[in-house]
Amino acid sequence: MSWNWTMADAQALLPLMVVSAAAVVVLLVLACCRRAGVAGILPAGETPATRIGAVLTVIALAAALALLPVAGAAAPRSVTFLVIVDGYGLFFAGLLLSACIAVALLGHSYFRQETSAGGEFYVLLLLAAAGAMTLVFSRHFASFFLGLEILSVSLYALAAYNRASLAGLEAGVKYLVLAASSASFLLLGMAFVYAKTGTMDLGRLAQLLNAAPQPALVTVGLLLIMVGVGFKLALVPFHLWTADVYQGAPAAVTAFIATVSKGAMFALLMRYLVGVNFTLQYPLLAVLTAVAVGSMFVGNLLALRQENVKRLLAYSSIAQLGYLLVTLLAAGPGGRELAIRAAGGFLAAYFIATLGAFGVVSLLSSPQREAESFDDYRGLAWRHPVLAGVLAAMLLSLAGIPLTVGFIGKFYVLAAGVNANLAALVAAMVINSGIGLYYYLRLAIALFTPSRAEPPPRVAIHPAGAAVLAVLTVLLVAVGVYPQPLLRLLAAVVAL
Amino acid sequence: MILIWFILIPAAAGLLAWPVGRKSPLAARWLCLAAMVATLALGGWLWAATPDHDAAQGHWLAQFRAPWIPQWGAQINLRLDGLSLLLVLLTGLLGVMAVLCSWSEIHDRVGLFHLNLMWMLAGLMGVFLALDLFLFYFFFELMLVPLYFLIAIWGHEHRRYAAVKFFIFTQVSGLFMLAGILALYFIHGRQHGGDYTFDYVRLLGTSMSPTSAWLIMGTFFLAFAVKLPAVPVHTWLPDAHTEAPTAGSVILAGVLLKVGAYGLLRFLVPLFPAAARDFAPAAQVLGVAGILYGAIMAFAQRDLKRLVAYSSISHMGFVLLGVFSWNSLAMAGAMVVILAHGVSTGALFILAGQVQERTGTRDLDRLGGLWETAPRMGGVAMLFALASLGLPGLGNFIGEFLVLAGTFQASPVLTVVAAGGMVASAIYALWLVQRIFHGPNRESWRLGDLNAREGLMYAALVAAIVWIGLYPRAFLDTFKPAGQWLREMSGTGVGGSTGVPPVEVRSLLGTKPSVNTGETPVLPGNSEGRP
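Basis of the calculations
- Residues numbered from 1 in each chain as written.
- Chains lettered and ligands numbered in written order.
- Predicted model: local features only at pLDDT ≥ 70, side-chain atom pairs only at ≥ 80, totals over all residues.
- Heavy atoms only, no water.
- Helix = DSSP H or I, 4+ residues; strand = E, 2+ residues; numbered from the N terminus.
- Buried < 20%, exposed > 50% of the residue type's maximum accessible area, 1.4 Å probe, protein only.
- Contact = heavy atoms within 4.5 Å.
- Areas by Shrake-Rupley, 256 points an atom, 1.4 Å probe, with all protein chains shown as cover.
- Lys, Arg positive; Asp, Glu negative; His and termini not counted.
- Charge placed at Lys NZ, Arg CZ, Asp CG, Glu CD.
- Rg over C-alpha atoms; globule rule 2.2 N^0.38 Å.
- Phe/Tyr/Trp six-rings, centres within 6.5 Å; stacked < 30°, edge-to-face > 60°.
- Lys NZ or Arg CZ within 6 Å of the ring centre and 35° of its normal.
- Buried area = accessible area lost by both parts, 1.4 Å probe.
- Polar contact = N/O pair within 3.5 Å; in protein donor to acceptor, adjacent residues only side chain to side chain.
- Axes fitted to C-alpha atoms, helices over the stretch in contact; angles between N-to-C directions.
- Parallel < 35°, antiparallel > 145°, perpendicular 65-115°, else oblique.
- Left-handed = near helix turned anticlockwise from the far one by under 90°.
- Nonpolar A, V, L, I, M, F, W, Y, C, P; charged D, E, K, R; others polar.
- pLDDT = per-residue confidence, 0-100.
- Core = buried A, V, L, I, M, F, W, Y, C linked by side-chain atoms within 4.5 Å.
- Expected span 1.5 Å × (residues − 1).
- Arc of directions from axis to C-beta.

Moving on, we come to the overall build of chain B. A count of helices and strands for chain B gives 20 helices and 2 strands. Each principal axis of the C-alpha distribution contributes one length, and for chain B these read about 70 × 55 × 40 Å. Taken over 531 residues, chain B has a buried fraction of 66%. A separation threshold of at least 6 residues defines the contact pool for chain B, and within that pool the share at least 24 residues apart is 81%. By element, 68% of the accessible surface of chain B is carried by carbon and sulfur atoms, the whole surface being about 16600 Å². Taken together, the 32 basic and 27 acidic charged side chains of chain B have centroids lying 4 Å from each other.

The following block contains the structure:
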């Protein structure tokens with residue numbers, strides 16, 4: 001396979017290169033600062049390491065984001081047989097990069113008290129971002145696995161970032177063991193598929209799936225790949241790690257796992273399953289339907305009586321991904337365009353609300369103490385009225401109430417489902433929205449109820465985190481009331 | 001352009017009241033009162049400016065259009081006809097009452113309370129004006145959130161349970177309707193070569209297979225039956241009413257339940273005439289069941305607010321019965337029941353709120369003998385109890401009588417049974433007054449009687465209920481063109497195609513013989529010829 005590097009290829013890959021290079025640069029800069037720190041010339045409190053790391057990271061991510069239109073000028077373009085840069089990938093890359101900026105700023109607020117070892121967070125974050133972007137651009141098993149592993153390995157370390165806390169260590173080890181084993185399932189599946197079809201190209205594979213029913217070995221291989229994918233997306237029955245990892249990881253990292261990691265994986269899945277004629281791939285259809293319905297019910301039911309806010313949001317995210325799968329199943333021949341847009345719209349809404357909710361959790365937490373029990377949130381309306389309002393808005397958005405972007409997302413998914421005549425899935429989604437309301441509202445109303453226990457200490461709100469929440473809240477309402485810009489963006493770029 | 005103000009004025013007042021309420025609760029109250037009075041005045045002005053409806057002109061009185069989400073075929077499409085106008089007036093009137101009756105009841109977070117109250121009213125206005133199904137659903141869901149917070153934060157003992165139950169009932173049924181709206185949207189779009197639209201007027205007359213029509217109508221009926229509420233999906237209502245603060249109860253009973261009635265009249269029957277015709281007998285049976293069940297349950301209550309809540313279920317049964325009879329008489333009756341029930345039940349909830357504010361209890365076993373110290377309050381209670389039981393001369397009588405008269409042509413049996421509900425209502429209504437105001441004053445209550453603010457509120461409500469009772473023509477004339485249009489739109493609708501001459505309301509009331517409509521007066525023995 002011969003291939004010549006051209007300027008257009010470089011142009012298309014620019015955002016990915018910027019993020020990757022930034023990871024190295026930040027690592028080197030931090031190494032120098034660390035030495036300077038040893039010399040004892042530092043003021044107390046926030047160390048330059050964390051500050052420099054944060055500033056560089058945000059600049060790099062913002063630059064990558066700004067370069068997306070530049071890359072878009074060269075799109076759609078396949079760069080080598082590994083990577084394809086197209087409107088679809090760029091849209092999701094934009095979503096991921098924006099979320100990474102939010103996570104970086106939230107992380108900066110979170111680690112403000114930490115006097116040492118704040119800097120690695122940003123290196124890991126940039127690496128994870130590079131892995132996630134590789135996923136959304138990948139068109140080959142090799143780049144798929146490479147992206148996935150870059151993302152996962154960074155996340156092992158990020159999940160256990162609070163080394164001092166037992167929960168943090170548990171989260172890290174649990175994530176490591178389960179992610180590693182699910183990755184081996186994924187590899188085995190890829191091997192099966194390759195052995196039978198002789199191709200590792202995802203586009204070619206999709207064509208094969210569309211043409212005819214496949215031999216059993218391919219189906220088994222695809223289902224094994226779904227294990228790996230399902231683990232990353234925390235779909236039932238591969239969801240068991242979710243609550244523990246969400247709880248143990250620092251809130252900013254949890255936000256990352258809930259949004260970027262899942263969003264990247266879903267973008268990849270959607271890219272190749274969209275338009276697949278499921279009537280020919282019946283086992284895949286049955287499994288995906290069962291997984292979608294199972295995720296909705298299990299996620300929502302487990303969240304009902306949850307007294308830990310991070311675990312509650314973890315279960316809620318399982319259910320949300322169940323809704324998202326509806327778009328995948330609706331992406332048959334007749335509904336593919338609508339389904340892709342619905343997935344994009346729903347994910348954007350999910351990103352905004354999830355980042356916002358974990359953002360509030362993160363702002364109230366510190367490495368010493370995670371604000372995760374309901375008691376930390378009872379009466380928040382008196383201690384931090386604005387934060388309480390923001391969290392309430394985010395919860396209402398997750399519940400899909402009008403005036404918030406969550407309504408637009410839910411509406412889009414319902415429309416895709418109805419358009420594809422998925423009556424059972426639509427009904428499951430409606431019923432689950434009802435169940436979901438119960439716990440979203442339970443938390444929302446707790447914010448406005450006087451607290452029974454001794455109120456937790458009032459924490460100072462870091463301006464970086466406050467800015468993130470302000471932007472997210474404005475987006476939440478603005479897009480919820482006037483979704484036209486988002487829809488136009490989706491129509492323009494999300495066409496496969 | 002004028003229509004958008006019905007939504008913007010309350011919404012803006014609510015947003016302003018929040019920060020203002022932190023500094024000065026009183027200023028927030030005055031602000032919201034002014035806003036609601038302005039909204040009501042706007043509605044009144046529109047009503048007064050309406051030309052004579054018998055003039056041959058379009059029945060839309062005002063409209064407002066603005067682009068919103070062209071990709072989806074959704075736009076800001078507000079239209080007003082007689083049906084909407086009357087409901088907007090009712091919302092305005094009860095909105096004023098809701099602000100007034102919270103004056104001394106709510107002391108906690110006054111600004112936030114008024115934000116929620118005003119946004120709920122804005123959402124309700126939007127529901128009654130929106131003629132784009134997406135926009136309608138938007139408002140339909142939007143108004144629930146403020147009410148949820150009103151109940152959950154300012155409610156009584158079991159407020160959280162009641163609020164969540166209310167929200168889940170209405171939201172889930174609403175989402176089913178959203179799925180139905182989407183199904184209609186796609187069916188219409190595919191039939192008309194990609195003309196995907198949520199515009200109500202364009203969606204009228206979409207042809208679809210009987211199965212689809214039944215399924216989609218089912219989702220609409222579920223949503224509106226929960227709101228109405230019809231038996232057996234009524235169970236959220238007594239809880240929500242009992243636990244809500246007075247203003248919440250007033251709006252809930254007075255306006256929010258009417259959303260269900262409005263939805264049936266405006267959307268369900270005209271959009272799915274054939275399915276609605278087949279479904280009508282079942283719906284009417286549900287209506288009659290609601291009338292009797294509500295009345296019987298009302299007897300059994302010890303809680304004052306619960307009693308009124310069950311009486312609401314009973315009265316709304318008449319609306320369901322009337323709508324599904326779908327002739328001019330029964331529809332006009334349903335309209336009058338909507339208005340009269342809004343006023344009379346609103347008044348009874350205000351009364352319940354005042355009794356609770358003064359005595360601290362709603363328990364009928366502990367109350368008694370309040371007449372001694374609060375005769376004016378007792379007199380008002382008596383009047384509205386009489387209205388509720390259907391005393392001629394007060395509004396409810398007109399409505400229920402017209403519904404029964406209209407239904408009689410369709411189904412004499414159901415009419416007779418439903419009339420039994422009116423007997424039952426006489427019992428619980430009088431019993432209510434007796435137990436609170438008469439009898440021994442067991443706990444030696446000494447209440448302050450009505451003050452000027454309260455007196456003024458009741459004066460307005462009494463005027464309204466007497467007006468509806470003595471001169472219903474004012475309201476019937478406003479409703480008539482709208483009702484006629486709805487019946488035309490439903491073409492072969494519930495009562496239309498069978499060749500039965502529509503009954504002229506006016507001729508029945510003897511106010512003026514109909515001259516120009518060509519409709520013949522009532523013929524005894526007409527049957528609707530329903531399968």
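The structure having been displayed, the exposition proceeds.
Counting its regular elements, chain A contains 20 helices and 2 strands. For a compact globule of 496 residues, the expected C-alpha radius of gyration is about 23 Å, and chain A comes in at 22 Å, within 12% of that figure. C-alpha atoms of chain A, sized along the principal axes, occupy 65 × 50 × 40 Å. Within chain A, the fraction of its 496 residues that count as buried is 63%. Residue pairs in contact within chain A that sit at least 24 positions apart in sequence constitute 81% of those at least 6 positions apart. When the 26 positive and 16 negative side-chain charges of chain A are each reduced to one mean point, those points stand 5 Å apart.

Turning our attention to unusual backbone geometry. The omega torsion across Leu228(B) and Pro229(B) is -10 degrees, close enough to zero to call that bond cis. Looking at where Pro229(B) falls in the secondary structure, it is placed in the loop between α9 (210–227) and α10 (236–243). For the bond running from Val231(B) to Pro232(B), omega is 5 degrees, close enough to zero to count as cis. With respect to the helices and strands, the residue Pro232(B) is situated in the loop between α9 and α10. Phi angles above zero are rare outside glycine, and Leu403(A) is one such case at about 80 degrees. Tracing the chain through its elements places Leu403(A) in the loop between α16 (385–399) and α17 (405–419).

Another point: the packing of aromatic side chains. Evaluation of the coordinates by the stated rule reveals 56 aromatic pairs over all chains. Relative to Trp241(A), the ring of Tyr175(A) lies with its centre 5.2 Å away and its plane at 65 degrees, an arrangement referred to as edge-to-face. Linking Tyr175(A) in helix α6 (residues 166–197) with Trp241(A) in the loop between α8 (216–233) and α9 (242–248), this pair joins segments that are 66 residues apart in sequence. Per residue, the accessibility class of Tyr175(A) equals that of Trp241(A), and both read buried. Ring centres of Tyr262(B) and Phe267(B) lie 6.2 Å apart, and the angle between their planes is 85 degrees; on these two criteria the pair is classed as edge-to-face. Just as Tyr262(B) is buried, Phe267(B) falls in that class too. Sitting over the face of the ring of Trp60(B), Arg79(B) holds its NZ or CZ atom 5.0 Å from the ring centroid. Positioned over the ring face of Phe140(B) is Lys227(B), at 3.6 Å from the centre of the ring.

Quick look at the side chain of Ser312(B) now. Residue and element names in this part refer to chain B. Along the chain, Ser-312 turns up in helix α13 (residues 304–325). Classification of Ser-312 by relative accessible area gives buried; the value is 0%. Discounting chain neighbours no more than four positions away, the residues touching Ser-312 are Leu-237, His-241, Ala-253, Leu-257, His-341 and Thr-345.

A common way to state how big an interface is: give the accessible area lost once the parts meet. Taken residue by residue, the interface counts 38 residues in chain A and 34 residues in chain B. Surface buried jointly by chain A and chain B totals about 3200 Å² across both partners, of which 80% is contributed by carbon and sulfur atoms. Connecting chain A to chain B are 5 residue pairs in polar contact (both at pLDDT 80 or more). For the side of chain A that touches chain B, the elements supplying multiple residues, two or more each, are α16, α17, α18 (423–446), α19 (463–481) and α20 (484–493) of chain A. Per-element tally for the side of chain A that touches chain B: the top contributor is α18(A), with 11 residues.

Residue and element names in this part refer to chain B. Following both chains from N to C, one finds helix α12 (residues 273–299) and helix α17 (residues 412–437) inclined at 20 degrees, their axes separated by 9 Å at the closest point. Judged on the interaxial angle alone, α17 and α12 are roughly parallel. The two elements α12 and α17 cross, and the hand of that crossing is left-handed. The segment α12 lies against α17, with Gln-284, Val-285, Val-288, Ile-291, Leu-292, Ala-295, Ala-298 and Phe-299 engaging Leu-414, Val-417, Ala-418, Gly-420, Gly-421, Ala-424, Ile-427, Tyr-428 and Trp-431. Its residues assigned to classes, the contact of α12 with α17 comprises 14 nonpolar, 3 polar and no charged.

The predicted structure's coordinates, where accompanied by low pLDDT, should not be read in detail. Per-residue confidence for chain B gives a mean pLDDT of 85, with 91% of residues at or over 70. Scoring of the predicted complex yields 0.89 for pTM and 0.88 for ipTM.

Take the environment of Pro333(A) next. Residues and elements named next belong to chain A. Here Pro-333 is to be found in the loop between α12 (309–330) and α13 (336–364). Accessibility expressed as a relative area gives 59% for Pro-333, which makes it exposed. Once the C-alpha coordinates of Pro-333 and Leu-146 are considered, the two residues, 187 residues apart in sequence, prove to be 30 Å apart.

Grouped together as the largest cluster of nonpolar side chains are 412 residues, with contacts concentrated most on Leu117(B), Phe220(B) and Phe324(B). Here the element with the most residues in this core is α13(A); it accounts for 19 residues. With residues up to four places along the chain from it excluded, the contact list for Leu117(B) reads Ala98(B), Val99(B), Leu150(B), Ala247(B) and Ile251(B).

All right, on to helix α18 (residues 452–470) of chain B then. All names here are of chain B. Along its 19 residues, α18 runs 26 Å from first to last C-alpha, staying within 8% of the 27 Å computed at 1.5 Å per residue. Listed as buried for α18 are Arg-453, Glu-454, Met-457, Tyr-458, Leu-461, Ala-464, Ile-465, Ile-468 and Gly-469. Take α18 and look down its axis: the buried residues cluster within an arc of 140 degrees, on one side only. Seen from the open side of α18, the exposed residues pointing more than 90 degrees away from its buried face are Ala-452, Leu-456 and Leu-470. If you follow the buried residues of α18, they end up packed against α3 (82–101), α14 (328–359), α15 (375–389), α16 (395–410) and α19 (473–489). If you check the start of α18, you find a side-chain oxygen 3.2 Å away from the backbone N of Arg-453, and it comes from Asn-451.

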